[in-house]
Amino acid sequence: MRNLLRNLAISSRSSLLRAVAVATAGSALVYSNIDPNSRPTISISVPRIGNSLTELWGTPLFSVGPATSGQGDDLPHFSRAAADAENGASNSKHNSHCLGRDSIANAAAKVGPAVVNISVPQGFHGLTVGRSIASGTIIDSDGTILTCAHAVVDFQGIRVSSKGKVEVTLQDGRTFEGTVLNADLHSDIAIVKIKSKLPLPTAKLGSSSKLRPGDWVIAVGCPLSLQNTITAGIVSCVDRKSSDLGLGGMRREYLQTDCAINAGNSGGPLVNIDGEIVGINIMKVLAADGVSFAVPIDSVFKIIEHFKKNGRVVRPWLGLKMIDLNEMIIAQLKERDPTFPNVDRGVLVPMVTPGSPADRAGFHPGDVVIEFDGKPVASIKEIIDIMSDKVGMPLKVVVKRANDVVVTLTVTPEEANPDM
């Protein structure tokens, strides 16, 4: 190799520039030809050098453009642009729905006017000692505002939704007195209402079920009382469980993002690149940066329906600890216990609360739920969705036990204790 380098003649300054360009760009093409009847040769193919090294390639190495999914989804993504090696022609055209320089600004502009600052007086025995600041979003032209419960509910009366008054300030500077209509501390979602004679801006609600890890999202709100603040990031996880965060009580799921969230962002919207609300920001990890959480908007829809129907959120309780099964978990369980039922899907019951509705119905630890209220189930979420608010209604449940014994049980859910 040393002899080869010594014999490699650089005949001109242009050749030297080419050699430097190859070393700098790291993009030379090396061809080797080893023939037993001829001398070994090595060829180095170098792109044409223009007036500067920035003209080495006709197209940028990385560009931003849309993905064209087989299902018709237009999702922003990063795509690699390849140079035309044959003619050196540049390809500067991008697909029409790319994530461009204005995408985030446009999304923020759609939702921004509907994002409000909520100021709540804090007092003790009737004396006002300060104010807490939160964010919210107007979701209906009648003045309905979506926000978080922990900012507007009096925690001295934790069992009762606050009917107190709050101050609401719009992006355009208008100020209103708002009334807290409903609040659910378990999900941390609340509804505030304001009245206005003039039209109110509203934000569009999207769907959190369409989100994937890596999707771009925007957090809009009033951190540290700084109104109209926008931060951007990506979805880190679409189904972060409350148990992962060390939160007790009933099971909840959150969207995890790396958007910058601070005090005052609580209750503000998490927005997708189309300017639609996909979550409500409620908390962050204090000891870390870029670890924030939002309530998925699909869950918020259900909470709002409960508010309209019952005036509160009704949650059925069975008294079961449950685990979603997948192919690998099933294989591991069968390896440990050959009598484990032959299933390819279902929900495992590792524990039954003594005296609970499930205990009275005859559930046993080790049961695998395969049907719930006549519908096949493969996840805890499906069971929760089927139960909805069916408190006091008998439900048929089919479980599989050791040695493939199939049992049909009847369980009657009770309303969960709000402190659970």
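As a starting point, this report considers the structure included with it. (Residues numbered from 1 in each chain as written. Predicted model: local features only at pLDDT ≥ 70, side-chain atom pairs only at ≥ 80, totals over all residues. Heavy atoms only, no water.)

Some words on the pattern of salt bridges
By the definition in use, this model includes 12 salt bridges. A salt bridge links K193 to D142, with the nearest nitrogen and oxygen atoms 3.9 Å apart. Of this pair, K193 sits in strand 10 (residues 189-193) while D142 sits in the loop between strand 6 (127-138) and strand 7 (144-147), and the two are 51 residues apart along the sequence. Its salt-bridge partner being K309, residue D389 comes within 3.0 Å of it at the nearest N-O pair. In this pair, D389 is assigned in the loop between helix 8 (380-387) and strand 23 (395-401) and K309 in helix 5 (residues 297-310), connecting sequence segments 80 residues apart. Beyond isolated ion pairs, a larger network of salt bridges with shared partners links K302, K381 and D385. (Salt bridge = Lys/Arg side-chain N within 4 Å of Asp/Glu carboxyl O. Helix = DSSP H or I, 4+ residues; strand = E, 2+ residues; numbered from the N terminus.)

Focus on the side chain of N182
Examined against the element boundaries, N182 turns out to sit in strand 9 (residues 175-184). Judged by its relative accessible area of 15%, N182 falls in the buried class. Looking at N182, its side chain comes within polar contact range of the main-chain oxygen of G311, at 3.1 Å. Not counting chain neighbours up to four residues away, the residues in contact with N182 comprise A190, I191, F307 and G311. (Buried < 20%, exposed > 50% of the residue type's maximum accessible area, 1.4 Å probe, protein only. Polar contact = N/O pair within 3.5 Å; in protein donor to acceptor, adjacent residues only side chain to side chain. Contact = heavy atoms within 4.5 Å.)

Considerations on the nonpolar core
One broad trend across soluble globular proteins is that nonpolar side chains are buried collectively. If you look at the biggest cluster of nonpolar residues, it comprises 45 residues, and the most contacted ones within it are I118, L146, V152 and V168. In terms of residue count, helix 5 provides more of this core than any other element does, 5 residues in total. When residues no more than four places from it in sequence are discounted, the contact partners of L146 are G136, T137, I139, I189, A190, I191, G267, I280, I297, V300 and I304. Membership of the second largest hydrophobic core comes to 21 residues, among which are A358, A361, I380 and V411. (Core = buried A, V, L, I, M, F, W, Y, C linked by side-chain atoms within 4.5 Å.)

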